[in-house]
Amino acid sequence: MRRLRYGFICVLTCCLSYLLSVGTVRAADLPFFRATVDTHLERGLNTLHYPPQSPLGKGGSSSIPGPNSTAILLDQGQQFYDVGQLQQAVTQWQQAAATADTAMNQTLAYTYLTLVYQDLGQWAEAENAIAEARRHVPNQPVALAQVLNAQGRLQFYQGHPADALTTWQTAEQHYRQGDDATGIVLAQTNQIQALRSLGYYNQARRLMTNLRQELAAQSASLLKAQGLQSVGVLLRTTGALEESQTMLNESLAIAQALDAKDAIAQAQFQLGNTAQAQEDSPTAIEFYRQVLSTTPVQSRLWFEASLNQLRLAPSATVAETLYTQLTALPPSRWGVYAQVNFTETLLARSLARSLPLPSLLAKAAQQAQSLNDPQAESYALGQLGKFYEQSQQFSEALSLTNQALDRARQVQADEIMAVWQWQRGRILKAQGQTQTAIIAYDQAVTLLESLDQDLVALNPDIQFSFQQQVEPVYRQLVQLLLQDVDMLPMAEQQQRLARSRDVIEALQLAELENFFREACLTYNARPIDQIDSKAAVVYPILLDQRLEVILALPNGSLQHYGTALSVERRRETFQTLRQALNPAFPAERVLIPAQQLYDWLLRPAEATLNQQDIQRLVFVLDGYLRNLPMAVLHDGHQFLIERYGIALTPGLQLFESPGLGKQRFEVLAGGLSVGRQGFNALPAVDVEMDQIQAQASAQILLNQNFTKAKLAKEVVERPISIVHLATHGQFSSKADETFILTWNTRLQIKELEGLLQQRELQTPVELLILSACQTAKGDERAALGMAGVAVRSGARSTVASLWSVEDFSTAELMSELYLQLNQRLRSRSEALQQAQLSLLKSSNYSHPYYWAPFVLTGNWL
């Protein structure tokens, strides 16, 4: 059974009062590796909502009569836990459970043991402890709710989010019976995480709305400040950064009004984390400076703020001060993690030369071993292995990495093992052990794929670290698989190519999950011949110093070819072509870079494509190639669109589609022809709407009628096949910057998804057309937003533009597109092809600028 080892998600299952009393260098502050290090600190006692008279001093109502030996043991256990000495906490709580004088105290002891056993990876012991807690819990609603919270946490981390959801829902019911407002918020927060893990994003959003309303109804208090902070952190993990900032500012204002110094410092720390996620380093640094000015030196929060500040503002002097403070720390889990993160920061910022980092890490590993904490020991050993890897001491690096893997296996921590398998693969590759390196890389990728939503939840900052910390694992594996692949026997060659293709498709899915910070729908991939016997799939792959291509043919065979190509050369060609597509330049200027790109991507496959009578090309584009229209590639005689229908897809994982049908299809069309919200007018949208209405049965929402509310109403009430939005919009590499403009608001991509998915009980939307959107300028990964819309809208296909094209040429192309779709015999890719050719052959719009940017994503038939 796979244990779900979420990282930062755990902060969202914590007690709201405890959330302000502890901190950590959280995932929003650190790259992928370091996020997995720190976030485990948040697991544990923070799952509970404590009574005020308990020795643990948290809020609620108490059944513990006062100081006694059991209460002292419980308190001592918490003290050990708070400083990261987990095994000592176990000893105290075991004694408390054995000598408890009341059922409540015995329940508390077993519940605490459940949580600390989970942190230590001792799952059988955790299950036994929760069973004992359930057996002894008194008949009090809040007491039972606390135990259920811990039980739900255990179920969640064991990979049973559906069971956890049910348990947390029951916990909420008991909190309501006990009139415990804080517990209700806690239980709802937990449920949101379970819903997101299960892929029930709309339900999670609705519950989030309810949660915020419950908090808004509460009067100003420390508990409200804590609740707002918890919601602010949760919003950050989902990518809602502005909303996160708002909630955290409200929390800070309440804490300041109450003069609650700890709460103020924690709110400032979290605001720094959100500012960092917004890539606003100056603001983040200022918040961390405020925390440091009011927090005792060598406290946990002081270290966390110091480490975050060091990462954003590298300083040799600060590093030396931190090193001195870290070496003086007594053994604790969080102290081990702080030392590991400190080392990671110094290695990443080239500040490691003057400090004896190997001895610091060796000490951290020894401390973890003395604490009987294999998870912390794994991090310390693995980071020490990374230090030796960077020093090219590969034998020592490999030995330490293998030890780190062994410790991670003890606690069944998949996300930790993925990091060390990647490191092991790099070391083996450097040693020339290619085949063994492939196995290690393959295991790393398999682990990352198995994490699914866990990978997104591991690191709320993965939106920004993905390219540095996750994507290279996939690319480096493909590079090894394709190395000398053409010299292998045919059977082995096909196996290598098939695995390379699968890894690239998995990378595409991982990028989309990272884009949304949510797991995407999963599909069963199908062979190309089962989809379209006249289509070939082209996989361009951008690797270090090479551009590789895998061609998938309808007969099931795979071909490979590639070009030794520097990153600078291919980027220069890309930029030259993109600039030439500006109508200020003559159309002929496009030809040289367009032919160069054709030579790299398709020239070696020409003979094969002719022999197989290929009529459609489907591209699984990689990286910044998504920002280039494949239609404009040129073979020296004609553009690619003149020969093939063209489509894009993240992989052969298409929605089933019956097509647009033989009857006249229904269209819901919305648009803006006048300037709104700082955007220019689009006068030809009036023409576009008239032409749609002339060629299809259409409901038109124009200008002031084109609102989110009216769009939502029509989507639900009408049996539509096509949704056509003729309005300004932007695609970005960040979901919260990808939007469609309506009359009175910007419709974010997740809101659009929510609208279209309201049709769950009706026939799905077959085609979504966005006729005036564009990719964000200066964002090389902006077309990821287009792919995100295509995948998550629920529409079987999407037609959109890479840049904002001239208004009247777009109206003409759209008119021709509907004319072609009405002919029924044409596939969607052919319909778009003919519409583009109509402009190419016209006297006014033959420049590629006008017809090239329109791309079809998804089902092309």
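Model, not experiment: these values are computed from the prediction. (Residues numbered from 1 in each chain as written. Predicted model: local features only at pLDDT ≥ 70, side-chain atom pairs only at ≥ 80, totals over all residues. Heavy atoms only, no water.)

Quick notes on the overall build of the protein chain
Across its full length, the protein chain holds 37 helices and 15 strands. The buried share of the protein chain, taken over its 861 residues, is 63%. Partitioning the contacts of the protein chain with sequence separation of at least 6, the portion at a separation of at least 24 is 71%. When the accessible surface of the protein chain is totalled, it reaches about 30000 Å², and 49% of it is carbon and sulfur. (Helix = DSSP H or I, 4+ residues; strand = E, 2+ residues; numbered from the N terminus. Buried < 20%, exposed > 50% of the residue type's maximum accessible area, 1.4 Å probe, protein only. Contact = heavy atoms within 4.5 Å. Areas by Shrake-Rupley, 256 points an atom, 1.4 Å probe, with all protein chains shown as cover.)

A word on the sheet that holds strand 11 (residues 746-748)
Strand order in the open sheet formed by four strands is 11-10-9-13, with mixed pairing between adjacent strands. Looking at which strands have only one partner, the edges of the open sheet turn out to be strand 11 and strand 13 (773-775). Sheet twist, expressed as the mean angle between neighbouring strand axes with direction ignored, is 20 degrees. By the bridge criterion, three bridges tie strand 10 (residues 739-741) to strand 11 in an arrangement that is antiparallel. By the bridge assignment, Ile740 is partnered in strand 11 with Leu747. (Pairing = 2+ DSSP bridges. Axes fitted to C-alpha atoms, helices over the stretch in contact; angles between N-to-C directions.)

Digging into helix 31 (residues 684-695)
Over its twelve residues, helix 31 runs 17 Å from end to end, which matches the ideal 16 Å to within 8%, given 1.5 Å per residue. Among all positions in helix 31, only Ala684, Val685, Glu688, Met689, Ile692 and Gln695 are buried. In an axial view of helix 31, the angular spread of the buried residues amounts to 150 degrees, which keeps them on one side of the axis. Seen from the buried face of helix 31, the exposed residues on the opposite side, beyond 90 degrees, are Asp690 and Ala694. (Expected span 1.5 Å × (residues − 1). Arc of directions from axis to C-beta.)

Points about the packing of helix 13 (residues 261-277) against helix 15 (residues 300-312)
Between helix 13 and helix 15, the shortest axis-to-axis distance is 11 Å and the interhelical angle comes to 25 degrees. Taken as axis vectors, helix 13 and helix 15 run roughly parallel relative to one another. Along this stretch, helix 13 crosses helix 15, giving a crossing that reads as left-handed. Judged by residue contacts, Ala265, Gln266, Phe269, Asn273 and Gln276 of helix 13 engage Leu301, Glu304, Ala305, Asn308, Arg311 and Leu312 from helix 15. Here the residues of the contact of helix 13 with helix 15 are counted per class, giving five nonpolar, four polar and two charged. (Parallel < 35°, antiparallel > 145°, perpendicular 65-115°, else oblique. Left-handed = near helix turned anticlockwise from the far one by under 90°. Nonpolar A, V, L, I, M, F, W, Y, C, P; charged D, E, K, R; others polar.)

Observations concerning the confidence of the model for the protein chain
For the protein chain, the average pLDDT comes to 85, and 87% of its residues sit at 70 or higher. Here residues 1-66 is modelled with pLDDT under 50, and outside its nearest four sequence neighbours on either side it reaches 286 contacts, counting other chains as well. (pLDDT = per-residue confidence, 0-100.)

Notes on the pairing of strand 5 (residues 645-648)
The two faces of a sheet get side chains in turn, since along a regular strand they alternate between them. Residue alternation in strand 5 divides its side chains into two sets, Gly645 and Ala647 and Ile646 and Leu648, and both sets are buried. Bridging between strand 4 (residues 616-619) and strand 5 involves four bridges; their strand directions are parallel. Residue pairing for strand 5: Arg616 is matched across the bridge by Gly645.

Quick look at the side chain of His724
Note on placement: His724 falls in strand 8 (residues 722-726). Within the structure, the side chain of His724 is placed 2.8 Å from the side chain of Tyr818, a separation counted as a polar contact. Apart from residues lying up to four places away in sequence, His724 is in contact with Val667, Leu668, Ala669, Gly670, Glu688, Met689, Ile692, Ile769, Ser771, Met814 and Tyr818. (Polar contact = N/O pair within 3.5 Å; in protein donor to acceptor, adjacent residues only side chain to side chain.)

Side note on the nonpolar core
One broad trend across soluble globular proteins is that nonpolar side chains are buried collectively. Counting 207 residues, the largest nonpolar core has Phe342, Leu602, Leu617 and Phe619 as its most contacted members. When residues no more than four places from it in sequence are discounted, the contact partners of Leu617 are Ala536, Val538, Leu602, Leu609, Leu640, Tyr644, Gly645, Ile646 and Ala647. Counting 60 residues, the second largest nonpolar core, distinct from the first, contains Leu73, Ala89, Ala150 and Ala225. (Core = buried A, V, L, I, M, F, W, Y, C linked by side-chain atoms within 4.5 Å.)

So, unusual backbone geometry
Notably, Asp259 is not glycine yet its phi reads approximately 55 degrees, a positive angle. Its place among the elements puts Asp259 in the loop between helix 12 (241-257) and helix 13. You will see that Asn372, though not glycine, has its phi angle at about 55 degrees, which is positive. Within the secondary structure layout, Asn372 lies in the loop between helix 18 (357-370) and helix 19 (374-390).

Notes on the packing of aromatic side chains
Enumeration over the complete set of coordinates arrives at 16 aromatic pairs. Note on Phe639 and Trp851: the rings are 5.2 Å apart at their centroids and 70 degrees apart in plane angle, and the pair reads as edge-to-face. Linking Phe639 in the loop between strand 4 and strand 5 with Trp851 in helix 37 (residues 848-851), this pair joins segments that are 212 residues apart in sequence. Each member of the pair Phe639 and Trp851 is classed as buried. Taken together, a centroid distance of 6.3 Å and an interplanar angle of 15 degrees make the contact between Trp803 and Tyr849 stacked. Highlighted residues: Trp803 in the loop between strand 14 (797-801) and helix 35 (807-821) and Tyr849 in helix 37, separated in sequence by 46 residues. (Phe/Tyr/Trp six-rings, centres within 6.5 Å; stacked < 30°, edge-to-face > 60°.)

Structural notes on the pattern of salt bridges
Side chains that differ in sign of charge can pair as their charged atoms come close. What the rule picks out here adds up to 29 salt bridges. Between Lys708 and Glu751 there is a salt bridge whose closest N-O contact spans 2.7 Å. In this pair, Lys708 is assigned in helix 32 (residues 708-717) and Glu751 in helix 33 (residues 749-756), connecting sequence segments 43 residues apart. A salt bridge links Arg828 to Glu766, with the shortest nitrogen-to-oxygen separation between them at 2.8 Å. Of this pair, Arg828 sits in helix 36 (residues 828-840) while Glu766 sits in the loop between helix 33 and strand 12 (767-770), and the two are 62 residues apart along the sequence. Take Arg828 and Glu766: they sit in the same class, and that class is buried. (Salt bridge = Lys/Arg side-chain N within 4 Å of Asp/Glu carboxyl O.)

Quick word on helix 32
The α-helix winds at 3.6 residues per turn, so residues separated by three or four positions along the chain end up facing the same way. Listing the buried residues of helix 32 in full gives Leu711, Ala712, Glu714 and Val715. Residues of helix 32 that are buried sit in contact with strand 6 (666-671), strand 7 (697-702), strand 8, strand 11 and helix 33.

Focus: the environment of Gln421
Following the sequence through the fold, Gln421 ends up in helix 21 (residues 414-430). Sequence-distant contacts of Gln421, that is, excluding residues within four places in its chain, are made with Leu405, Arg409, Ala440, Gln443, Ala444 and Leu447.

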